[in-house]
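So the chains spell out like this:
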Amino acid sequence: MEAVSRTAQWTAAARALETEREDRLFADPYARTVADTIGFDLLERYAGAGTVPFLAIRTTYLDRQIVRTVQETGIRQVVFLAAGMDTRFYRLPWPDGVTVYELDRPALLEAKAEMLADEPDPAGRTRVTVPVDLTQDWTGPLREAGWRSDRPVLWVVEGLLFFLPEDAVRGLISTLAGQSAPGSVLLGDVISKAALQNPLSRPFLNSLEEDGNPWLFGTETPEDLLAECGWEVREVRQPGEDGADFGRWPYPVPARSVPRVPRSFLFTCDLPTAEVKAA
C-alpha cells in the first residue's frame, strides 16, 4: 500500500486498544486484524500527541452520529471517503437495505479484502468497494458502482482533510454538497492551523512527514469553511466538550476565543434546502 494508506492501520490499532479496555466505548473485533503488526508499530511511533484518546473519541462520535442518522432519516446509502481500514459495515447495527460504499486507493482495498476474506457479510446490508484516487474524478466510478445522486446520502469524511491542501479540501467538500440530494448529511473531522504549528506536536508531525504523510490543512473556523462549501452546520464539537468527551479526553478545553490553541473538531452538517441556498 502507499505510505498514506498505512495511517489507516495506525488508527485501526488505536481502535483495537479501545476495544480491549473493560470500559470500552465501542467494540471493533476486526481492528486488530486490519491493523496488523505495522499498525501497532505506527501507534508507538506516533505516540505522545494525544492521538489515542482522540481516536477513541472520534470513532465513538462518528459511530453514534452514523447510527442516529440512518435510523432517524431513512438514508440508505452511506459513503465513506478514504475508508481506510474502517470496519463499520461489519460492526454497526445498520437497518435493512443500507448500502455502504467504501472509496479508497485500489491497493488498500485489496489488502483489506484479503485481511477480512473469512468474515461473512452481515445480512440485510450491502458493501460496495470503489477503488479510486480522490485527487481525481471519483464521482463517475461511484455512480457506476450504483450510488444515486438523486437520493439522500450520508457522507463520512474521517481522518482525511488534514492530509489535503486547502484548495483540495474546499473542492472536495463543495463537490459533496453539489452531488447531494436534499436530506443528505455530512460527518467528519478537521484540525486547527495551530495544531500544525504546535511545538509540542513537532516530533509527531515530523514523523508523519518522514513517513510520507504530512498534515497540510487546518482551520480555526470550521463552521465558515463548511458553510462556504455549501453545508449547513448542525454542530461542531471539540474533544472534551459536551457530546464529544465520553470520559476519554484528559486535557482542558480552552474556549474557542483563545488564540493559537491546537484543536480538533468533529462536525455534523446537513444539506441546506433550496430556499436556504437561494437566500
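Structure's up top.
Residues numbered from 1 in each chain as written. Predicted model: local features only at pLDDT ≥ 70, side-chain atom pairs only at ≥ 80, totals over all residues. Heavy atoms only, no water.

Student: Is there a simple way to explain the side chain of Arg 88 in this structure?
Tutor: Topologically, Arg 88 is positioned in helix α4 (residues 88–91). Under the relative-accessibility criterion, Arg 88 is labelled buried at 1%. Excluding residues within four positions of it along the chain, Arg 88 makes contact with Thr 59, Leu 62, Asp 63, Ile 66, Phe 80, Trp 94 and Glu 158. (Helix = DSSP H or I, 4+ residues; strand = E, 2+ residues; numbered from the N terminus. Buried < 20%, exposed > 50% of the residue type's maximum accessible area, 1.4 Å probe, protein only. Contact = heavy atoms within 4.5 Å.)

Student: I keep staring at the environment of Arg 263 and nothing clicks. Help me out?
Tutor: Looking at where Arg 263 falls in the secondary structure, it is placed in the loop between β6 (232–237) and β7 (264–270). It is 8.2 Å that separates the C-alpha atoms of Arg 263 and Glu 220, two residues lying 43 residues apart in sequence. With near-sequence residues (within four places) excluded, Arg 263 lies in contact with Ile 191, Ser 192, Ala 195, Gln 238, Pro 254, Ala 255, Arg 256 and Val 258.

Student: Which parts of the structure should I look at to understand the packing of aromatic side chains?
Tutor: For any two aromatic rings, the description comes down to two numbers: the centre-to-centre distance and the angle of the planes. Counted according to the given criterion, the structure contains twelve aromatic pairs. Considering the side-chain rings of Trp 138 and Trp 155, the 5.9 Å spacing of their centres and the 80° angle between planes classify their relative orientation as edge-to-face. Taken together, the residues Trp 138 in the loop between β3 (125–131) and α6 (139–144) and Trp 155 in strand β4 (residues 154–157) connect sequence positions 17 residues apart. For the pair Trp 138 and Trp 155, one class covers both residues: buried. (Phe/Tyr/Trp six-rings, centres within 6.5 Å; stacked < 30°, edge-to-face > 60°.)

Student: Please clarify how the pairing of strand β2 (residues 98–104) should be interpreted in this entry.
Tutor: The two faces of a sheet get side chains in turn, since along a regular strand they alternate between them. Here β2 lies mainly inside the structure; seven of its seven residues are buried. The alternating pattern of β2 places Val 98, Val 100, Glu 102 and Asp 104 on one face and Thr 99, Tyr 101 and Leu 103 on the opposite face, and all of these are buried. The pairing of β2 with β3 spans seven bridges and is parallel. Of the residues in β3, the one forming a bridge with Val 98 is Arg 125. Following the chain from β2 across helix α5 (residues 106–115) to the adjacent parallel β3, one finds a crossover that is right-handed. (Pairing = 2+ DSSP bridges. Right-handed = clockwise from strand over helix to strand, strands pointing away.)

Student: For this particular structure, what's the right way to read the nonpolar core?
Tutor: Most often, soluble globular proteins have nonpolar side chains that are buried together. Counting residues in hydrophobic clusters, the biggest one holds 48 residues, and the most contacted among them are Ile 66, Val 78, Phe 80, Trp 94, Leu 154 and Trp 215. The element that contributes the greatest number of residues to this core is helix α3 (residues 51–73), accounting for eight residues. With 33 residues, the next largest nonpolar core counts Leu 103, Cys 229, Val 236 and Cys 269 among its residues. (Core = buried A, V, L, I, M, F, W, Y, C linked by side-chain atoms within 4.5 Å.)

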